[in-house]
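# Summary of the model geometry
One-letter residues, chain by chain:
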Amino acid sequence: MKHRFSATTMLRRSLSYTRTCSRTGSSVLRVLGLESSCDDTAAAIVSSDGQILSETNVHQHSVHEQHGGIVPGLAANHHLKNMPMVVHDTLKKAGLQISDLDAIAVTRGPGLPASLAVCVAAGKTLAAVHAKPLIGVHHMEAHALMARMGTTVKFPFLCLLISGGHTLSLVVHDVNQYTMVGTTRDDSVGEAFDKVARELQIPWLGSQEGGGAGPALELLARSGDPTRFALPVPMDKADSAASPDFSFSGLKTRIKRMREQRLFDPAVRQDQADVAAAFQLAATKHLRKKTALAFQRARETNVAVSCLVASGGVASNLAVRGSLAQLAESNGVELVCPPPNLCTDNGVMIAWAGVERLKLGLLDPYTIDFIQRWPLEELKNMGYKPRPSSF
């Protein structure tokens, strides 16, 4: 006998879950989140009252460092190896079984296609076999909503999403409702951090120290002189200064040419530190100036934002946080950032986005596929209908 679970059926179930949890009789919901959009294999179980019941994250820094960046095929292969035990360990740590959960949330996109396929397939299978609601999560929505877990952050708020794959500012009106303000015209800020670290030949930090090339550059920049190598702030000329968009390719290329012209020696630690500090200062100024324009755009459209949220891996950078905190204060609001370990990719943010969407009945059928490129503003137009596959 073939079982078919429609979006309507799952919506009815989710609404019944919000009244009483399926097993305990509690009004608290519990959602498993799976993440494998890039190079971290992660899972977490989060409750609707903002408690992290368990989480597991397997990093691949040592796998990719020798290649100077993420190798998509290697990342996908390691997700395939790691995902079963990541899910197993997460359930074991929480003392729960799949039957105890109220829904399963998975990163649907955007991200690396082969990597996304792993968590989508795992989540769909678990949800279908156990007849649980399935929630396909937009990776950037998960970053944006992470600041609401266990806090009093209210809609609407201004959000700056800064990571290795994305750099954008947007107004978050509600779950599933976003207005883009600015986006990168070329590289993301996280990608620029990583590539400049490679130009400077900075060894990656291990996962226990924050992990990766960008955090290694930040650490080195603390001992550098940012004034020794003066770098221009991107998009600061008359033809681009008024745009809220971002650009980091020119800054990255400038440092590459400086190395080729032997203006610094990457084998000399002080040279490394001074260039790192100069790059970080220019990148931070650029983020601040363009986010200031996002505040201005919000005011022009009569949107009174409650706060500035910064999320994504680069939001864990202390220099960036400090500058954005000053900007937020000058605009009469607070800067809200998730803890550093929840700024980078993780299962907690996927599970929490799942909680937020489950409460509203925003569910997906078991036939969904991953979406490699997925503008965040498209969410509000998708309804309950599955979006065309990336294949």
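First things first, this report covers the structure right here in the doc. Just so we're clear, the structure is a prediction, and the values are computed from it rather than from any experiment. (Residues numbered from 1 in each chain as written. Predicted model: local features only at pLDDT ≥ 70, side-chain atom pairs only at ≥ 80, totals over all residues. Heavy atoms only, no water.)

### Quick word on the pairing of strand 3 (residues 52-58)
Taken together, the 6 bridges between strand 2 (residues 41-47) and strand 3 define a ladder with antiparallel strand orientation. Opposite A42, over in strand 3, you have N57 as the bridge partner. What sits between strand 2 and strand 3 in their antiparallel hairpin is a turn of 4 residues, with G50 showing a positive phi close to 85°. (Pairing = 2+ DSSP bridges. Helix = DSSP H or I, 4+ residues; strand = E, 2+ residues; numbered from the N terminus.)

### What to know about the packing of aromatic side chains
Applying the stated criterion across every chain yields a total of 3 aromatic pairs. Ring centres of F193 and F279 lie 4.9 Å apart, and the angle between their planes is 75°; on these two criteria the pair is classed as edge-to-face. Linking F193 in helix 6 (residues 189-199) with F279 in helix 9 (residues 269-300), this pair joins segments that are 86 residues apart in sequence. The residues F193 and F279 share a single accessibility class, namely buried. Where F229 meets F264, the ring centres are 6.3 Å apart and the plane angle is 75°; that geometry is what we call edge-to-face. Highlighted residues: F229 in the loop between helix 7 (213-221) and helix 8 (249-260) and F264 in the loop between helix 8 and helix 9, separated in sequence by 35 residues. There is no split in this pair, since F229 and F264 are both buried. Looking at R108, its charged tip hangs above the ring of W374, at a distance of 5.7 Å from the centre. (Phe/Tyr/Trp six-rings, centres within 6.5 Å; stacked < 30°, edge-to-face > 60°. Buried < 20%, exposed > 50% of the residue type's maximum accessible area, 1.4 Å probe, protein only. Lys NZ or Arg CZ within 6 Å of the ring centre and 35° of its normal.)

### Comments concerning the sheet that holds strand 4 (residues 103-109)
One open sheet holds the 5 strands; their spatial order is 3-2-1-4-5, and the pairing between them is mixed. Both edges of this open sheet fall to strand 3 and strand 5 (134-138), since each of them pairs with a single strand only. Averaged over neighbouring strand pairs, the angle between their axes works out to 20° when direction is ignored. Direction of pairing for strand 1 (residues 30-35) relative to strand 2: antiparallel, over a ladder of 6 bridges. Residue L34 lies in a different strand from strand 2, and its bridge partner there is A43. (Axes fitted to C-alpha atoms, helices over the stretch in contact; angles between N-to-C directions.)

### Section: the sheet that holds strand 10 (residues 334-336)
A sheet is described by the order of its strands in space; here 5 strands give the open sequence 8-7-6-9-10, paired in mixed fashion. Either end of the sheet is taken by a strand with one partner, and the two such strands are strand 8 (177-183) and strand 10. Within the sheet, the average angular offset between the axes of one strand and its neighbour, ignoring direction, is 25°. Where strand 9 (residues 307-311) lies against strand 10, 3 bridges are found, and the strand directions are parallel. By the bridge assignment for strand 10, C307 is matched with E334. Packing of helix 9 onto the sheet brings it into contact with strand 6 (157-162), strand 7 (167-174), strand 8 and strand 9, and relative to strand 6 it is tilted by some 150°. (Contact = heavy atoms within 4.5 Å.)

By themselves, these are just geometric observations and shouldn't be taken as functional.
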